[in-house]
Every structure is written in structure tokens, then in C-alpha cells.
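# Commentary on secondary and tertiary structure
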Amino acid sequence: MSNYYLPAGLPIPVPEPNGLSKPYWDGLRKETIMVQRNPRTGVYQFPPQWICHDTQTFDVEWVAVEPKGVIYSWTRAGHPVHPALREACPYIVVVVELPHAGGVRMLGNLLGDPHQTVRIGTPVEAVFEHHNESDPKFTLLQWRIIVTR
Amino acid sequence: MTKRTMRGQVAVAGIGETIYYRHGKATEPEMVLCLKAILAACEDAGIDPRDIDGFSSYSNDRNDPPTLATALGTHELRYSTMLWGGGGGGGAGAMANAAAAITSGLADCVVVYRALAQGQFGRFGQGPRAKTVSGDPALTVPYGQMSPALWYAPKAMRFMHEHHIGQEALRAIAMASYHHAQANPRAVMYGRPLTEEMYDESRWIAEPFHLYDCCQENDGAAALILVSAERAKDLKQKPAYVLGAAMGAGYRVHSTMAGHATPDLASSHFKTVAKHMYDMAEVGPKDVDVVQSYENFTGGVLMSLVEHGFLAAEEALEFLKLENLIAPSGKLPLNTSGGNLAECYMHGLELQIEAVRQIRGQSTSQVPDVKVSLAASGPMVTPVSTIIFGTEATL
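What comes next is a walk through the structure.

Cut-off values and rules
Residues numbered from 1 in each chain as written. Chains lettered and ligands numbered in written order. Predicted model: local features only at pLDDT ≥ 70, side-chain atom pairs only at ≥ 80, totals over all residues. Buried ≥ 20, exposed ≤ 12 C-beta atoms within 10 Å, placed from the backbone. Helix = DSSP H or I, 4+ residues; strand = E, 2+ residues; numbered from the N terminus. Pairing = 2+ DSSP bridges. Contact = placed C-beta atoms within 7 Å. Nonpolar A, V, L, I, M, F, W, Y, C, P; charged D, E, K, R; others polar. Axes fitted to C-alpha atoms, helices over the stretch in contact; angles between N-to-C directions. Parallel < 35°, antiparallel > 145°, perpendicular 65-115°, else oblique.

Below, the discussion takes up the pairing of strand β5 (residues 109-116) of chain B. Residue and element names in this part refer to chain B. Counting buried positions over the eight residues of β5 gives eight, a clear majority of the element. In the sheet, strand β3 (residues 54-58) pairs with β5 via three bridges, with the strands oriented parallel. Across the sheet, residue Gly-54 finds its bridge partner in β5, namely Val-110. Here β5 runs beside strand β9 (residues 218-228); their pairing, made up of eight bridges, is antiparallel. Along β9, the bridge assignment pairs Val-112 with Leu-224.

Turning our eyes to something else, we now look at the interface of chain A and chain B. Each partner contributes residues to the interface: chain A has 33 residues there, and chain B has 37 residues. No other element matches strand β5 (residues 68-77) of chain A, which puts six residues into the side of chain A that touches chain B. Split by residue class, the side of chain A that touches chain B holds 22 nonpolar, eight polar and three charged. Relative to strand β6 (residues 132-133) of chain B, strand β1 (residues 12-13) of chain A runs parallel, the two sharing two bridges. What sits directly across from Ile12(A), in β6(B), is Thr132(B).

As a further point, take the environment of Val356(B). Inspection of the secondary structure assignment puts Val356(B) in helix α13 (residues 349-360). Counting along the chain gives 119 residues from Val356(B) to Gln237(B), while the straight-line C-alpha distance between them is 11 Å.

So, about the packing of helix α5 (residues 167-181) of chain B against helix α9 (residues 298-307) of chain B. All names here are of chain B. Where α5 meets α9, the axes come as close as 9 Å, and the angle between the chain directions of the two elements is 100°. When the axes of α5 and α9 are compared, the pair comes out roughly perpendicular. Contacts from Ala-169, Leu-170, Ile-173 and Ala-174 of α5 reach α9 at Thr-298, Gly-299, Val-301 and Leu-302. Residues of the contact of α5 with α9, tallied by class, amount to six nonpolar, two polar and no charged.

Okay, the environment of Ile165(B) next. Residue and element names in this part refer to chain B. Residue position: Ile-165 is located in the loop between α4 (148-163) and α5. A residue is classified by how many C-beta atoms lie within 10 Å of it, and Ile-165, with 23 of them, is buried. Ile-165 sits 27 residues away from Ala-138 along the chain, and the two C-alpha atoms are 32 Å apart. Aside from chain neighbours lying at most four places away, what touches Ile-165 is Met-160, Leu-302, Ala-316 and Leu-317.

Quick look at the structure:
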């Protein structure tokens, strides 16, 4: 059934009751990466905070950023730590830096062969993995290597 | 302005442990383990348990001071403190809090303790089972990034990439712990030596961590009794004086589950903390005779040793060889009881105890003529903490 990188059955991401990260998760549903920026200084921050860390002001804005980045670090999981992952190892997790958004970092799976060689510094682009039959629906942010032709 | 310091004002007077069990194998409730470790530490120090007037722990230990004080019949409760932060980052910090309480006059006799019985409660190395996840964990858990090994692997991976450090460095750190455990009958891995071949052939948990790069999980309890330096001189044991301690982290170190966003990712987060500790202790890395460095994962030890100034990252491959890391003759004897990997994962409090044993001359892998003994807690988490003990000669 699955076009998902990992099997269904892992905890479903939902915004906190106070809504801090809701713009981010809503953005992924619309295939957009939203991050926070300080309107006074242009300084980015992610994960979301209630306050701009550089000026201690509360007027944090959310902006869409280009859905690509560079592999900053990674790991390959060999040991299942959740029942849903029992048959899923190995899988690759990449830490992706977004140089065009102040170097904020996000995390996701690297699509493709789970045994592939991973190189720090490799450019990657976002893949929005929609879980539409889930309740509630959600979208994960996955990554694939940009193939230059 | 006079320098504010705890240097030499407080000493560890007693150490106590239960039997260390494999996880889930303790035969007694966690509270009983905790009480037995505290009583053992009192017996070791030669103090009446009812004279304990302060309690200090970390990592959300489930055994709260009012309950312990009531159970033990302590005369009064003057100090109870929990260092925030999960994992083992608070071990040396809980010691520092105890020492600060005594230095400042808030309490006279403080016990630092940690107890774990995973059969009664949950394990650490398993992901959450809830249906939904929010906040920072939502940014990692749905990608299968849901255990400490996975959260910290990218930090070590990046550090090894930046400094061209190979797997052999991590292997040497694992081998040192297992080597020392073979001399320590208390160690869970006593009688179970590790070879290079076993390490190389062991499965990956989370690259760059093999099975043997990862700490155990265990049941048991550990405790240390701290009193003023003056009082320690009159007690049973040779005092291990607190020369310096510090806790914390650098700039914007995110919570563990969003740790990938931390600006200085490739760090154990000791850069600022070790400096404060050395400044208070008035010693430097060259003065340290023996090191206990918390092994949640060997990659954290690698970064911790570098950030404590024992070696430059560029020297890591050359320096981190088994012969340099073992007592009695190595240049930097490391984790001389077997540590979290091979003695017991008592969230690093067993490393505090081992650092004290080295000062006393009571280790099963004793380094000759120890004067300065260091114990660092919980690399890669936040806050981390670190402490240095010295003999009377260092005061």
C-alpha cells in the first residue's frame, strides 16, 4: 500500500494545543516549508519559538523558504526501537541545513536505497510525503538527492 | 571582588552502591535500591543516616527527597534539589549542587543519589508508543528518529567527518571500558571481555555507533555523601575534595529531540562548561591523573575528551588507542571501573563513585599516585556537567 518511506504506525505529528508549530505543519500539507523569521533583523529560527531569539521581541513572522538544502549530518538506523519499525531497518535519517534560510536545520529520511553511501555536503530537495488516510492527516518532510543532469 | 569558588570546601565522605543488575533484573523495588545505596554510603562514611539533611539528584529520579527523608527518619530536611535535564548530564551537576549547598550553609550533609529499576518502569532506548506526538519530538519521532542513539549519532558523525576521525577511535573507547570491567567484580560485563573482532562484527545500532558503542541499561542504585572539608577529615575515609565543578551548555543548545537544530551540532557541549570547571579547580587538563567520561555513546566520549582539553581533535586517531586509555600505565586512563558501557549504567553516578575511589586508592584498576580525578557527565545532552576531585595535597 505504501508510498511511505517508513511503515505506518509511528506516532502522528500534530501541533501542540497552544498552536506554536501549527503554521509549519499546515505548510507541509500545502507542500511548503514554513520557518520563522525576525521581521526586524531577518534572522531565521527553527524549530519554532514564541520569541525572536536575537531581539527578544514577540513579533515572529512565518515565511516560506525554498524546499532544498544540504546534508549536514546523518545516521543509518540498524536497530528497531518501535514495533512499527520491526521490518524497517535499515533506514537513513539526514540532518539538512538550509543555507538560504540562515542555516536552520531540519530532519527527515533520505529517500532511495537505504544502503546507499551518504555524503555530508550533498544537495537535497524536499519531498512532501502526504499521509492522507491517516486520522488526523499529516505530511512529512522527506529529502532526496538532487540529480544534476 | 573576591573570587567566588567552592574549591576545597567540600569533600565526598562516603560512597555506596547496590548490586548492579542487567535491566529489569533487580529483585527489589526501586525505592529499596535507593535506600540501600544511601545506607551503604552512610556506612562507608561512618555517619548516622539520620544526619543527612540534604538530597540532590537529576534526570527526574523518581525517589523524591520528602519520601526518602521520611523513610530514613532524618532529623530535618534542609535542602532538596533536582537538576533539570534528562539523560545523565546531571550527575556531576547534582554533585555540584550538593557542594554548593554545603559551601553556602544551606545544608551540612547532602546525599547525591540515583536509582533505576527498569522492570518496574520503562526503558530508555525505546521510542514512544503514543498515537500522536507534538512539539520538538514531532520533528524527529515520525522519521524513526526516536531513541538516544539516533538523536546523538549525527553529532558524532559530523564531528568525525570534520576531523577525519575513523571508527577505530570509538572502538578504543569501548575497549577501554570493557578492559577495566574485567578487573571489576561489580561490573555487569565482568568476565565478558570485548575483542576488536567482536566490536567490528557487531551490528549497527545507529551509524557511527555499533552495539558496543552504546551504554547498557541497568537496574541498581548509587549514592555519595558530601560534607564540609573540615568534617570529612574526621570521618572514616580519605576525603575526595571537590576542587571545581560546572554545569550547563553553550549557545542555544536545543532540547535533545530537536538537538539536530543546535548551531554547534558537532559538540558534546562541554566547551564552556569545562572551562568554568578548570577555572574553579585551578588545574588544567595536564594535571588530571585519571578520567571518567560518561559513555552514553562512545562518540560523545570522543568529543568530551577533546572539549576537556585532553587532546586535539586532529590527534584523535593517533591518541585514542587502547594502550593510552588503560590503567595503570596509559597516558589518559579512562573509565577505570568499566563505566556505563561495561560496569553499570547508573546514569553515570557510578562514574562519580569511581572518580572518588581513584582519589582514595581503592579502584580495581587503580592509577598510581592519583592526585586529581575528573568525572564528566552526559555528553551531547543539555545541560552537561563535570567535576574534579583532588587529594588533600592539591588544596
